[in-house]
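What follows is each chain in one-letter form.
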Amino acid sequence: MKEEGFNNIIWLDEIDSTNRYAADRFENLPDATLVIAGRQTAGRGRHQRVWISPPNENIYASFVVKNFPYPIHKSSWIGSLAVLDTFAEIVPELDVWLKWPNDVYCKERKIAGLLCEGIHGTPPGAVIGIGVNINMQPEVLDRIDQPATSVLRETGKKLILKNFIKSLAKHLCRRYISGSIHIEGIYNEWKSKNFILNRPVEISTGRKGEVLKGKVVDIGEDGDLYFNTGEKVVRLFSGDVRINRNSLF
Ligand code: BTN
């Protein structure tokens, strides 16, 4: 395994999970280190799912956050906005948006996901895990158990991964600094980029196949979703949201 330190970026050819790697070395890694892997053999997704991580096609990144005096879910705001910033810089033609709690979508399909894990060390902190589908082919994407896309699928063009990574590193640092100074501003921006806000959606709550229909009325600073079913407002701290954007316009 090749491991090379460069400006707080650690490049690994192969690892089980960049989140696992960063969490295990948390105390020894400098603040704002970005761990990048060419391939993951056991990429972790939310809800114990596997994150499909084929070699040298996508971004598998973990950002080490050591000076962030807020609850862990707020670190995902930093990561999500940095991913949107990076898309805006590298592929501005893509129609990308955030879907609570931790997804980045392009039109109707997921293009990136975040998994933030709290670290109870000295100092305490977080690892912001980011997976972005870049050059993944449609045949491979279609084997994923939810609608998924990549930059290649959307634009027909292959991207140079290094350009995306350099931009992502820059935006993560910028958002981290501004979040440390003024987390309210980050929250407001993150919330406003959640396309589901004030729109009708369906939510799988994870409770015995329960699916709720209604309208998202708020996403709180506590990270919870407030959802009006027509009869009452329900508060959810997790769930899979579905929205049909085509039916809205
Ligand atoms: C999700 O389920 O949407 C979250 C996916 C997060 C995947 C990334 S890839 C880099 C980092 N390392 C991991 O093992 N997972 C995250």
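Along each chain, residue indices are assigned from 1 in the same order as the chain's sequence is written. Confidence filtering applies because this is a predicted model: local features only for residues at pLDDT of at least 70, side-chain atom pairs given and counted only at 80 or more, and all residues used for totals across whole chains, interfaces and linings. Side-chain calculation: all heavy atoms of the structure are included, whereas hydrogens and water are not.

**Focus on the environment of Phe63**
Note the cut-off: Think of it this way: any DSSP run of H or I at least four residues long counts as a helix, any run of E at least two long counts as a strand, and we number them from the N terminus. The buried label applies to any residue whose accessible area, calculated with a 1.4 Å probe on protein chains only, is under 20% of its type's maximum; exposed applies above 50%, and partly exposed to all values in between.
Topologically, Phe63 is positioned in strand E4 (residues 59–65). Under the relative-accessibility criterion, Phe63 is labelled buried at 1%.

**Description of the pattern of salt bridges**
Between side chains of opposite charge, a pair can form as their charged atoms come close. What counts is decided by this rule: Within this document, salt bridges are pairs made up of a side-chain nitrogen of Lys or Arg and a carboxyl oxygen of Asp or Glu, the two lying within 4 Å of each other.
One pass over the structure, following the stated rule, counts 22 salt bridges. The closest approach of N and O atoms between Asp142 and Arg153, which form a salt bridge, is 3.0 Å. Pair noted here: Asp142 is in the loop between helix H3 (138–141) and helix H4 (151–155) and Arg153 is in helix H4, with a separation of 11 residues, a long-range link. You can call Arg153 partly exposed: its relative accessible area is 24%. A salt bridge links Arg207 to Glu210, with the nearest nitrogen and oxygen atoms 3.1 Å apart. For Glu210, a relative accessible area of 29% gives the class partly exposed.

**Concerning the confidence of the model for the chain**
The condition is simple: Confidence scores here are pLDDT values: one per residue, from the predictor, ranging 0 to 100. By definition, residues are in contact when any of their heavy atoms lie within 4.5 Å.
Overall, the prediction assigns the chain a mean pLDDT of 93, with 96% of residues at 70 or greater. Predicted confidence for residues 1–6 stays below pLDDT 50, and this span has 13 contacts to residues more than four positions away or in other chains.

**Some points on the site of the ligand**
Test applied: To be near a molecule or strand, a residue needs just one of its heavy atoms within 4 Å of it. Distance and chemistry together define a polar contact, namely a pair of N or O atoms within 3.5 Å, with one atom able to donate a hydrogen and the other to accept it when in protein, and with adjacent residues in sequence counting only for side-chain atoms on both sides. For the area figures, the Shrake-Rupley method with a 1.4 Å probe applies, and any residue is considered shielded solely by the protein chains shown. For this classification, the nonpolar set comprises Ala, Val, Leu, Ile, Met, Phe, Trp, Tyr, Cys and Pro, the charged set comprises Asp, Glu, Lys and Arg, and every other residue, Gly included, is treated as polar.
In the vicinity of the ligand, 20 residues are found, and the nearest of them are Ser17, Gln40, Arg44, Arg46 and Lys110. At 2.7 Å, a side-chain N or O of Ser17 approaches an oxygen atom of the ligand. The side chain of Lys110 places a nitrogen or oxygen atom 2.6 Å from an oxygen atom of the ligand. Considering the ligand on its own, with 410 Å² of exposed area, one finds that the protein chains cover 99% of that surface. Contributing elements (two or more residues each) for the shell around the ligand: helix H1 (18–24), E4, strand E7 (109–119) and strand E8 (125–132). Counting residues per element, the shell around the ligand draws most heavily on E7, which supplies four residues. Of the residues contributing to the shell around the ligand, the split by class is six nonpolar, 10 polar and four charged.

**Description of the state of the cysteines**
Going by this rule: Working definition: a disulfide is two cysteine sulfur atoms within 2.5 Å of each other.
Under the definition given, this model contains zero disulfides. There is no disulfide at Cys116, and the cysteine sulfur nearest it, in Cys173, is 15 Å away. What makes Cys116 buried here is its relative accessible area of 17%. Residue Cys173 is classed as partly exposed on the basis of its relative accessible area, which comes to 30%.

**Points about the nonpolar core**
Formally: Each nonpolar core is a collection of buried residues, namely Ala, Val, Leu, Ile, Met, Phe, Trp, Tyr and Cys, held together in the definition by side-chain atoms within 4.5 Å.
Counting 61 residues, the largest nonpolar core has Ile59, Phe87, Val104, Ile111, Ile130 and Ile196 as the members making the most contacts within it. For Phe87, the contacting residues outside a window of four places in its chain are Pro92, Leu94, Val96, Val104, Ile111, Val132, Val151 and Phe164.

**Some details on unusual backbone geometry**
A cis amide bond links Trp100 with the next residue in sequence, Pro101, at an omega value of 0°. Positionally, Pro101 belongs in the loop between strand E5 (96–99) and strand E6 (103–106). Here Ala32, not a glycine, exhibits a phi torsion of approximately 70°, which is positive. In this structure, Ala32 sits in the loop between H1 and strand E3 (34–37). Here the phi dihedral of Lys107 falls at roughly 50°; this positive angle occurs in a residue that is not glycine. Positionally, Lys107 belongs in the loop between E6 and E7.

**Here's the deal with the sheet that holds strand E11 (residues 225–228)**
What counts is decided by this rule: DSSP-based pairing: two strands are paired if at least 2 bridges between them are found. Every axis corresponds to a line fitted to the C-alpha atoms, with the helix fit spanning only the stretch in contact, and the corresponding angles, defined between N-to-C directions, vary from 0 to 180 degrees.
One open sheet accounts for five strands, arranged E12-E11-E10-E9-E13; its pairing is antiparallel. At either margin of the open sheet sits one strand with a lone partner, and together these are strand E12 (233–236) and strand E13 (240–242). Averaged over neighbouring strand pairs, the angle between their axes works out to 45° when direction is ignored. By the bridge criterion, four bridges tie strand E10 (residues 211–219) to E11 in an arrangement that is antiparallel. Counted as the bridge partner of Asp218 is Tyr226 from E11.

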